[in-house]
Structures are given as structure tokens and as C-alpha cells.
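Results of the structural survey
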Amino acid sequence: MFKKVLSLVKNIFHNRFEEAVAISSSSVIVIAIAMDKIMFLQACPLCILTRYVFALLAISALIGILVKQKIIGRLLVAISSILGILVTSRQIYIQNMSVDELSQLNGCSMPFHTQVDYFGIINAISRTIAGGPSCAEDGWRFILNFAEWGLLFFIIYLISSILRLSKQPNND
């Protein structure tokens, strides 16, 4: 059984990498939105920003599917994964701050879309990454919280895209 699963994973990795990234990253977004609705969770601005990075990852993978030179899509997936690692690492760092340190943060005082309306996209991203007390909550946990699961996914995507870049010719 294990060999069959391993063979399936290798087959997907070698033949359908971009499709797998696009589907899995889109699925993460759908699951997060569904959990918000079903479990009545309120996503913090950093969680919303993480969803946007997953969307960027899906778009990067779709570009990789559409463009003849696969190296472009793989590079975009790697860059998107690095952005995701940075965002989720920041949230995990905030979640592990002391109460005194958290009280000094004020970046997540408004929902992300409201910050975009008032401050523009660049300032909204900057304020969101600065974090705040609402970003320290880990309202849902299944072994890991959402930020930790996101970090795990982004690391897997990054390692996979680096392996694909290093082991495959540019035109496959």
C-alpha cells in the first residue's frame, strides 16, 4: 500500500506538478473559507493575507501550466512560496509573543479589506505584517494551527519547486 501511494506521489510530482500546486493551494483557500462559515471563525488580517498568498501560488501554478517554458511557472511557485513562508512565519512569531509585546502592536486593528480601502494596498500589507493582538489568536487547531499548517504547505511547495527546477530540463 505504501509503495502504491509513494508511486502515485512520484507520478504527480513528475507529470502534474503545476496542476497539483494549483488544486491544493486553491483547496486550502476553499477549506479556510468554509471553516470560517461553518465554525463561525473570524479570520485576522494576517490569515486573510495568507489566503491571498495561497491565491498567488495558485495563479503562479496556472501560469506554469499555460506557459511553454515550465521554468517560469516553477520560479513563480518558488517566489510565491517564499512570500508565504515569510507571512506565516511572522504570524507564528506574533502568536508566540508575550502579552506585553502584543500590547505594543497595532497593525491589525482593522480588517484587511478595510485597511486597503483606507490606506492603499502597500500600506495595508505593511500594517498587516506589523501584526496585532487579533493575529495572536489561534482559534482553530488540528495538531497545528492555520498559520503553522500554511507554513508547512509553503515549505513543501518551495522544496518541491526547487527540486523540479534543479532536476528537470527547462523545456519539459
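Reference entry: report on the structure contained in this document. (Residues numbered from 1 in each chain as written. Predicted model: local features only at pLDDT ≥ 70, side-chain atom pairs only at ≥ 80, totals over all residues. Heavy atoms only, no water.)

**With respect to the layout of surface pockets**
For clarity, the threshold we go by: Cavity: a set of points on a 1 Å grid over the protein atoms alone where a 1.4 Å probe fits but cannot get out. Pocket: an open set with protein on both sides within 12 Å along at least five of seven lines, its lining residues, like those of a cavity, having an atom within 4 Å of a point. Grid points are joined across faces, edges and corners, and a volume is the space filled by probe spheres set on the points. Helix and strand assignments come from DSSP, with helices taken as H or I runs of at least 4 residues and strands as E runs of at least 2, each series counted from the N terminus. Asp, Glu, Lys and Arg are counted as charged, while Ala, Val, Leu, Ile, Met, Phe, Trp, Tyr, Cys and Pro are counted as nonpolar; the rest, among them Gly, fall into the polar class.
When its volume is computed, the largest pocket comes out at roughly 550 Å³. Lining the largest pocket are 25 residues, with Asp-36, Gln-42, Ala-43, Cys-44 and Cys-47 positioned closest to its centre. Mapped onto the lining of the largest pocket, the elements with two or more residues apiece are α2 (17-39), α3 (45-66), α4 (70-95), α6 (112-119) and α8 (146-167). No other element matches the five residues that α3 contributes to the lining of the largest pocket. Considering only residue class, the lining of the largest pocket consists of 14 nonpolar, seven polar and four charged. One number sums up the size of the second largest pocket: a volume of about 250 Å³. Looking at the second largest pocket, the residues that line it are Val-9, Ile-12, Phe-13, Phe-17, Ala-20, Val-21, Ser-24, Phe-153, Ile-156, Tyr-157 and Ser-160. Taken together, the elements giving at least two residues each to the lining of the second largest pocket come down to α1 (2-15), α2 and α8. When the residues that make up the lining of the second largest pocket are grouped by side-chain class, the tally is nine nonpolar, two polar and no charged.

Just distances and angles here, no functional claims.
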